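# Remarks on the overall topology
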Amino acid sequence: KGIKGVKCIVDGKNSQLTLTCTNQNGDEASAVVECKFSDSSEKFETAYNPQFVSDILSNLTEKEVRFGFSTPTAPLLIKPEDKSDSCYVVMPMRI
């Protein structure tokens, strides 16, 4: 609780996703996650409301999910790997 937003740096060239969150006091925490990307040509920053993403992930039972990033202003698509008929959309926040 108290997290304002989660900034994502999508770096397909280096197969990394950097997540940085900031709380209401201005404190930051970040983590780098190794990922598989289908398009490795672009690096960009975007941000999402962490509660929206958390709500989706907490209701999924699959061990693996697919995050669909395309551009900084495009919605994030979250799809369970096991269920191709389900898709969740999260609109980006302004950084």
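The preceding data block contains the structure.
Everything in this summary refers to the structure shown in the same document. From a predicted model like this one, the values you see are computed outputs, not experimental measurements.

Criteria and thresholds
Residues numbered from 1 in each chain as written. Predicted model: local features only at pLDDT ≥ 70, side-chain atom pairs only at ≥ 80, totals over all residues. Heavy atoms only, no water. 1 Å grid on protein atoms, 1.4 Å probe; cavity = no way out; pocket = protein on both sides within 12 Å on 5 of 7 lines; lining within 4 Å. Points joined across faces, edges and corners; volume = space filled by probe spheres on them. Helix = DSSP H or I, 4+ residues; strand = E, 2+ residues; numbered from the N terminus. Nonpolar A, V, L, I, M, F, W, Y, C, P; charged D, E, K, R; others polar. Core = buried A, V, L, I, M, F, W, Y, C linked by side-chain atoms within 4.5 Å. Buried < 20%, exposed > 50% of the residue type's maximum accessible area, 1.4 Å probe, protein only. Contact = heavy atoms within 4.5 Å.

## Concerning the layout of surface pockets
What the largest pocket holds in volume is close to 950 Å³. Along its surface, the largest pocket is lined by 30 residues, and Leu17, Cys35, Arg66, Phe67 and Phe69 are the ones closest to its centre. When residues of the lining of the largest pocket are traced back to their parent elements, those giving at least two are β1 (3-11), β2 (16-23), β3 (28-34), β4 (43-48), α1 (50-58) and β5 (65-68). Of the residues contributing to the lining of the largest pocket, the split by class is 17 nonpolar, 6 polar and 7 charged.

## A few points about the nonpolar core
Val6, Cys8, Val10, Leu17, Phe44, Tyr48, Val53, Ile56, Leu60, Leu76, Ile78 and Val90 together form the largest nonpolar core, which totals 12 residues. Residue assignment for this core shows that the elements contributing at least two residues are β1, β4, α1 and β6 (76-80). The greatest single-element share of this core, amounting to 3 residues, is contributed by β1. In contact with leucine 17, other than residues within four places in its own chain, are Cys8, Ile9, Val10, Ala31, Val32, Val33, Cys35, Phe37 and Phe69.

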